[in-house]
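Spelled out from the first residue to the last, the chains are:
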Amino acid sequence: MTLIGKMYGNIAQPQTKVILSVAALSNLEIELLSFEYGVTNKSPEFTQKFPLAKIPAFESIDGFKLAEGAAIARYVSSLVPDAGLLGRTAEESALVDQWVHFAEFEIHMDASMIYAGAGLKLLPGYNSDLHKWHEERIVRSLRFLDDYLEKCPSGLLVNDSITLADIFLAVAIQRIGQTTCGAAEREQIYPHVFAHYAKVTSDARIKDVFGESGFIEKRLVYN
């Protein structure tokens, strides 16, 4: 593998998983630096380079600095065009961007709110109405997605190989399986969605990045 730089991040963080996955699929290496939240990102060394003190934060071997997970992932994906992570045509590249946006804002954002609100009890003001609203948004998106994937011969979003969009979706669906989809939902209601997750995360190059799924037996309910 070719070393391209270093990154502050946490392997449990979805964006970090995406970035390390696309690097591995491109036969590239990123050094993941040790990180302690509230300590490392508040140090002068960190804030001089990344003033917003957010992770993930990437610095290339040439000193190029980049923040925001999607931007870093797209940059890394662009370094080896033959890997096909951004698609093979202009149309496929547009579809990759479309599905990345969909995975982040139509699935992962709502699932993360449920995870933090109903699972970890970390959101002040989180209530049954908010829980229902996020659940309804997720159901709408998953129904659409399952129908779409059922019609895809490869079981992937854009073409017959894994793209950046598939990685973003797999990360989002991992959170879904930890929150709003228990075993019954995964097997009976959204089988094509979770078949996609299994296909992507079983790739030997990125299997260790995703780790254990952490899926729950029964979906989270608000109480």
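Everything quoted here is computed from the prediction, not taken from an experiment. (Residues numbered from 1 in each chain as written. Predicted model: local features only at pLDDT ≥ 70, side-chain atom pairs only at ≥ 80, totals over all residues. Heavy atoms only, no water.)

**A look at the overall build of the chain**
Link 1 in the chain: Broken down by element type, the chain carries nine helices and four strands.
Link 2 in the chain: For 223 residues, the compact-globule formula gives about 17 Å, and the C-alpha radius of gyration of the chain, at 18 Å, lands near that figure.
Link 3 in the chain: When the 223 residues of the chain are sorted by exposure, 48% land in the buried category.
Link 4 in the chain: Long-range pairs, those at least 24 residues apart, make up 71% of the contacts in the chain with a sequence separation of at least 6.
Link 5 in the chain: Looking at the chain as shown, the accessible area adds up to about 11300 Å², and 54% of this sits on carbon and sulfur atoms. (Helix = DSSP H or I, 4+ residues; strand = E, 2+ residues; numbered from the N terminus. Rg over C-alpha atoms; globule rule 2.2 N^0.38 Å. Buried < 20%, exposed > 50% of the residue type's maximum accessible area, 1.4 Å probe, protein only. Contact = heavy atoms within 4.5 Å. Areas by Shrake-Rupley, 256 points an atom, 1.4 Å probe, with all protein chains shown as cover.)

**Brief notes about the pairing of strand E2 (residues 28–33)**
Link 1 in the chain: In terms of strand pairing, strand E1 (residues 2–8) meets E2 through six bridges, oriented parallel. Bridging from a neighbouring strand, Gly-5 pairs with Ile-30 of E2.
Link 2 in the chain: The parallel pair E1 and E2 is bridged by helix H1 (residues 14–25), and the resulting crossover is right-handed. (Pairing = 2+ DSSP bridges. Right-handed = clockwise from strand over helix to strand, strands pointing away.)

**Some points on the side chain of Thr-179**
Link 1 in the chain: You can see Thr-179 is positioned in the loop between helix H6 (164–176) and helix H7 (183–189).
Link 2 in the chain: Relative accessible area serves as the criterion here: at 0%, Thr-179 is assigned to the buried category.
Link 3 in the chain: Beyond its immediate sequence surroundings of up to four residues, Thr-179 is in contact with Ala-111, Ile-114, Tyr-115, Ile-216, Arg-219 and Leu-220.

**With respect to the layout of surface pockets**
Empty space among the atoms becomes apparent when a probe as large as a water molecule is rolled across them.
Link 1 in the chain: Its volume calculated, the largest pocket comes out at about 430 Å³.
Link 2 in the chain: Residue lining of the largest pocket: 16 residues in total, with Pro-14, Gln-15, His-108, Ser-112 and Arg-175 positioned closest to the centre.
Link 3 in the chain: Taken together, the elements giving at least two residues each to the lining of the largest pocket come down to H1, helix H4 (90–119) and H6.
Link 4 in the chain: Examining the composition of the lining of the largest pocket, we find that seven residues originate from one element, H4, more than from any other.
Link 5 in the chain: Each residue belonging to the lining of the largest pocket can be placed in one class, and the counts come to ten nonpolar, four polar and two charged.
Link 6 in the chain: Roughly 190 Å³ of volume is contained in the second largest pocket.
Link 7 in the chain: Around the second largest pocket, the lining residues are Asn-10, Gln-13, Phe-35, Tyr-37, Ala-53, Lys-54 and Ile-55.
Link 8 in the chain: Of the residues that constitute the lining of the second largest pocket, the class distribution is four nonpolar, two polar and one charged. (1 Å grid on protein atoms, 1.4 Å probe; cavity = no way out; pocket = protein on both sides within 12 Å on 5 of 7 lines; lining within 4 Å. Points joined across faces, edges and corners; volume = space filled by probe spheres on them. Nonpolar A, V, L, I, M, F, W, Y, C, P; charged D, E, K, R; others polar.)

**Description of the nonpolar core**
It is characteristic of soluble globular proteins that their nonpolar side chains tend to be buried jointly.
Link 1 in the chain: By size, the foremost hydrophobic cluster in this structure holds 55 residues, and its most contacted members are Leu-142, Leu-145 and Ile-173.
Link 2 in the chain: A total of ten residues in this core trace back to one element, the largest contributor, which is H6.
Link 3 in the chain: With seven residues, the next largest nonpolar core counts Phe-35, Phe-46, Phe-50 and Ile-55 among its residues. (Core = buried A, V, L, I, M, F, W, Y, C linked by side-chain atoms within 4.5 Å.)

**Overview of the side chain of Thr-40**
Link 1 in the chain: Turning to its location among the elements, Thr-40 is positioned in the loop between E2 and helix H2 (44–49).
Link 2 in the chain: If we ignore the near neighbours within four places in the chain, the residues touching Thr-40 are Tyr-8, Ser-34, Phe-35 and Phe-46.

**Let's talk about the pattern of salt bridges**
Link 1 in the chain: Inspection of every chain in the model, using the stated rule, returns ten salt bridges.
Link 2 in the chain: Across the pair Glu-59 and Lys-49 runs a salt bridge whose closest N-O atoms are separated by 2.8 Å. Of this pair, Glu-59 sits in strand E3 (residues 57–60) while Lys-49 sits in helix H2, placing them ten residues apart in sequence.
Link 3 in the chain: The exposure class assigned to Lys-49 is partly exposed, which follows from its relative accessible area of 25%. (Salt bridge = Lys/Arg side-chain N within 4 Å of Asp/Glu carboxyl O.)

**Examining the sheet that holds E3**
Link 1 in the chain: Strand order in this open sheet of four strands is E2-E1-E3-E4, and the pairing throughout is mixed. Of all strands in the sheet, those with a lone pairing partner are E2 and strand E4 (65–67), marking the two edges. Pairs of neighbouring strands in the sheet enclose a mean axial angle of 25°, with direction left out of account.
Link 2 in the chain: Sheet topology note: the E3/E4 ladder contains three bridges and is antiparallel. Note that in E4 the partner of Ala-57 across the bridge is Ala-67.
Link 3 in the chain: Sheet strands in contact with H1 are E1 and E2, and its direction is about 150° off that of E2.
Link 4 in the chain: Contacts between helix H3 (residues 69–78) and the sheet are confined to E1, E2, E3 and E4, with E4 contributing the most and set at about 130° to the helix. (Axes fitted to C-alpha atoms, helices over the stretch in contact; angles between N-to-C directions.)

**Digging into unusual backbone geometry**
Link 1 in the chain: Cis geometry marks the peptide bond from Ile-55 to Pro-56, where omega comes out at 0°.
Link 2 in the chain: Note that Pro-56 resides in the loop between H2 and E3.
Link 3 in the chain: Positive phi outside glycine occurs at Ala-53, with the angle close to 60°.
Link 4 in the chain: Topologically, Ala-53 is positioned in the loop between H2 and E3.

Distances and angles like these do not, on their own, reveal function.
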